[in-house]
Amino acid sequence: MAITAVKGFNDILPDESGRWQYIEQTARRVFELNGFGEIRVPVMEKTELFCRSIGDATDIVEKEMYTFTDKGENSVTLRPEGTAGVMRAFIEHKLYAQDPIAKLYYLGPMFRYERPQKGRYRQFHQIGAEITGVNEPLADAQVLNMLTTFFREIGLTEPTLQINSLGCPECRPGYRAALRSFLEERMEHLCEDCKRRFVTNPLRTLDCKVPGCIEATSGAPSVLEHLCSACDDHFSSVRRYLDLSSTPYSINFRMVRGLDYYTRTTFEMVTGLLGSQSAVAAGGRYDGLISQLGGPSIPGIGFAMGLERVALLLGSQKFVSLPDLFIATMGGAERDVAFRLMDGLLKSGVRVELDYEGKSLKSQMRRADKLKARYSVVIGGNEVTSGRASFKRMADGIQTDSALTVADIRSLVGKSDL
Ligand code: HAM
């Protein structure tokens, strides 16, 4: 029996990879315009890094990590997200010594042992960005504007931005206590997981998808009413900057994140188009993370988007690059001419396909159709002698006579501006 891929791990076939490249290129362009530089970190880290950053009582650390012991008896984990590794590198290489304000972006595979379904996989890909060293709400607003710009540039009107604030170590304990006393009276309606969360991480009960829990927590107190005055001011300023830059958003005070490192501003870009996988991108501020990982006390904020989810939203739009020209030939000697011409055209940036197998003219033209070439040309004895040929625009069949030179053909197929 043939060997298949591991469940939840996907191949990206050529038909699809054009769309991925389009997403990646758009992200790189928008992020670099905002002053972000790429950082590449390993896909595997010491397990302790994720326990310390994401948090022991999170679903990711409790149930979803690909953790194993390597041959040297070390516990290692395939990264379930990018922020922890990027901050580990930021500390390890003392990037803060050059400049505490670092703007970093990354892309690559992440691994979570979740139940696979549409938009949720065990190997998935994130494009993420992080800013360190800025406490000011201006940084929050720039990150949110950059994310919004990315989705606009890529041509999507979904998803939409939701924001919240989770407070800080000063005010969150007060909110946690208020939430616990609210939940205490509704314990019998909570699922088993939420009964456990009540003890370990009560905020997560607001995120539970079980209908009984949604109903039981519907009147839960809002975190926004328990912010200390510094966190409240910070959140107001973020909103003011978003208003100043006309960035649309809504407030979702029930938004809690699945990672423990967040403080203050958190956000998600959500869509109703992907079933239960509503978050296309998400992130927030993590002012305590760098010091928690053994670095100096430097704040940070960032996000990551799920590439698969962005690709799904882009739908069935095709992003494969189609051949500019298909060259059909009548026989042996003409194939030499066609080959030389193709070589020159490829070197000058025109995408050319050629008949490789000496098939009949009819089957060559069928192939030109199948490849969706924009133009086709048939090179026979007359064309070789005269050095000219008739080029057919495939969309409407219009024929144009042109010399068989690289310069003339480039201009004919519309590549003169390259
Ligand atoms: P996260 O919310 O866990 O945050 O993941 C970010 C995004 O990754 C999600 O919104 C979703 O689009 C995508 N994603 C997550 N899990 C899967 C999956 N199993 N299959 C497909 N896509 C998935 C983080 O990872 C944080 N590190 C974000 C961040 C950066 N916060 C601050 N900086």
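One numbering rule holds for all chains: residues counted from 1, following each sequence as written. A pLDDT threshold of at least 70 governs which residues receive local features in this predicted model, and a stricter bar of 80 or more applies before side-chain atom pairs are shown or counted, although totals over entire chains, interfaces and linings include all residues. Hydrogen atoms and water are omitted, and side-chain values are computed over all heavy atoms in the structure.

1. Let's talk about the overall build of the protein
Inclusion rule: By definition, any uninterrupted DSSP run of H or I lasting at least four residues is a helix, any uninterrupted run of E lasting at least two residues is a strand, and each is numbered from the N terminus. Atoms considered for the radius of gyration are the C-alpha atoms alone. The globule rule reads 2.2 Å times the number of residues to the power 0.38. Type-normalised accessible area, obtained with a 1.4 Å probe on protein chains alone, sets the label of each residue: buried when under 20%, exposed when over 50%, and partly exposed for intermediate values. Using a 1.4 Å probe, accessible areas were evaluated by the Shrake-Rupley method; residue-level cover was limited to the displayed protein chains. We score Asp and Glu as negative and Lys and Arg as positive, and we do not count His or the chain ends. Where a charge lies is defined by one atom per residue type: Lys uses NZ, Arg uses CZ, Asp uses CG and Glu uses CD.
Across its full length, the protein carries 16 helices and 16 strands. At 28 Å, the protein has a C-alpha radius of gyration far larger than the 22 Å of a compact globule built from 418 residues. Referenced to the eigenvectors of the C-alpha coordinate spread, the extents of the protein come out at roughly 90 × 55 × 45 Å. Put simply, the protein has 418 residues, and 48% of those count as buried. When the accessible surface of the protein is split by element, carbon and sulfur atoms take 52% of a total near 20,500 Å². Across the protein, the 52 positively charged side chains and the 52 negatively charged ones have centroids separated by 4 Å.

2. A word on the site of the ligand
Condition: Put simply, a residue is near a molecule or strand once any heavy atom of it comes within 4 Å of that molecule or strand. Contacts described as polar in this section are N or O atom pairs within 3.5 Å, which, within protein, must combine one atom able to donate a hydrogen with one able to accept it, while residues neighboring in sequence count only if both atoms come from side chains.
Taken together, 27 residues sit near the ligand, with Glu81, Glu114, Glu130, Arg257 and Tyr262 positioned nearest. Glu114 is positioned with one of its side-chain polar atoms (N or O) 2.7 Å from a nitrogen atom of the ligand. One of the backbone nitrogen or oxygen atoms of Gly306 is found 3.2 Å away from an oxygen atom of the ligand. Contact with the protein chains hides 96% of the accessible area of the ligand, taken as 660 Å² for the molecule alone. Only β6 (123-132), β10 (279-285) and β11 (300-306) provide two or more residues apiece to the shell around the ligand.

3. Topic: the pairing of strand β3 (residues 66-69)
Condition: Strand pairing is assigned whenever DSSP detects at least two bridges linking the two strands.
Inspection of the sheet shows β3 paired to strand β4 (residues 75-78) by four bridges, in the antiparallel sense. Note on β4: the bridge partner recorded for Thr69 is Ser75. Where β3 folds back on β4, the antiparallel hairpin that results is connected by five residues, among which Glu73 adopts a positive phi of roughly 65 degrees.

4. Thoughts on helix α8 (residues 192-200)
Short version of the rule: In this context, the arc is that of the directions from the helix axis out to the C-beta atoms. In what follows, residue pairs with any heavy atoms lying within 4.5 Å of each other are defined as contacts.
Within the span of α8, buried status applies to Cys194, Arg197 and Phe198. Buried residues in α8, looked at end-on, bunch into an arc of 110 degrees, giving them a common side. Turned more than 90 degrees away from the buried face of α8, the exposed residues are Glu192 and Val199. Taken together, the buried residues of α8 touch α3 (59-64), α7 (172-184) and α9 (211-216).

5. Focus on the domain arrangement of the protein
Think of interface size as the accessible area that goes away when the parts come together; that is how it is often given. Test applied: As annotated, the domain borders come from an automatic or database domain assignment.
Split by domain assignment, the protein resolves into domain 1 (14-171 + 227-313) and domain 2 (325-412). Centre-to-centre, using C-alpha coordinates, domain 1 lies 49 Å away from domain 2.

6. Considerations on unusual backbone geometry
Each neighbour pair has its own omega, and for Glu158 with Pro159 the value is -5 degrees, a cis peptide bond. Here the phi dihedral of Glu73 falls at roughly 65 degrees; this positive angle occurs in a residue that is not glycine. Positive phi, normally seen in glycine, also occurs at Lys94, with a value near 50 degrees.

7. Here's the deal with the pattern of salt bridges
Oppositely charged side chains may form a pair once their charged atoms are brought near each other. What counts is decided by this rule: For this analysis, a salt bridge means a side-chain nitrogen from Lys or Arg found within 4 Å of a carboxyl oxygen belonging to Asp or Glu.
Per the counting criterion, the structure on display carries 26 salt bridges. Here Asp193 makes a salt bridge to Arg196, at a shortest N to O gap of 3.0 Å. Of this pair, Asp193 and Arg196 both sit in helix α8, separated by three residues, roughly a single helical turn. Across the pair Asp355 and Arg335 runs a salt bridge, and its minimum N-O distance is 3.6 Å. A residue pair is termed long-range when its members are at least 10 positions apart, and Asp355 in the loop between β13 (352-354) and α14 (361-370) and Arg335 in helix α13 (residues 332-347) qualify at 20 residues.

8. Focus on a nonpolar patch on the surface
We count it as follows: Patches were defined on residues exceeding 30% relative accessible area and lacking a salt bridge, with like-charge contacts within 9 Å and nonpolar side-chain contacts (Val, Leu, Ile, Met, Phe, Trp, Tyr) within 5 Å.
A cluster of nonpolar side chains, Val43, Met44 and Phe68, forms an exposed patch at the surface whose accessible area comes to about 230 Å². Looking at the secondary structure, you find Val43 in the loop between β1 (37-38) and β2 (44-46).

9. Comments concerning the sheet that holds strand β9 (residues 263-270)
Heads up, the condition is: Angles run from 0 to 180 degrees between N-to-C directions of axes, and those axes are lines fitted to C-alpha atoms, restricted for helices to the stretch in contact.
The eight strands are arranged β1-β5-β6-β11-β10-β9-β7-β8 in an open sheet whose pairing can be described as mixed. Looking at strand neighbours, the two that pair on one side only are β1 and β8 (250-251), the edges of this open sheet. Of the pairings in the sheet, the one linking β10 to β11 comprises five bridges and is antiparallel in character. Directly across from Ala282, in β11, lies its bridge partner Ala304. Against the sheet, helix α4 (residues 83-92) makes contact with β5 (103-111) and β6, and its axis sits at roughly 45 degrees relative to β6, the strand it touches most.

10. A look at helix α10 (residues 229-244)
Operational definition: The span you would expect from a helix comes to 1.5 Å times its residue count less one.
Here α10 spans 22 Å end to end across 16 residues, near enough to the 22 Å set by a 1.5 Å rise per residue. Among the residues of α10, those classed as buried are Cys231, His234, Phe235, Val238 and Leu242. Along the axis of α10, the buried positions cluster into a sector of 95 degrees, meaning they face one direction only. What points out from α10, more than 90 degrees from its buried face, is the exposed set Ser229, Asp233 and Leu244. Next to the buried residues of α10 lie α6 (137-153), β7 (160-165), β8, β9 and β10.

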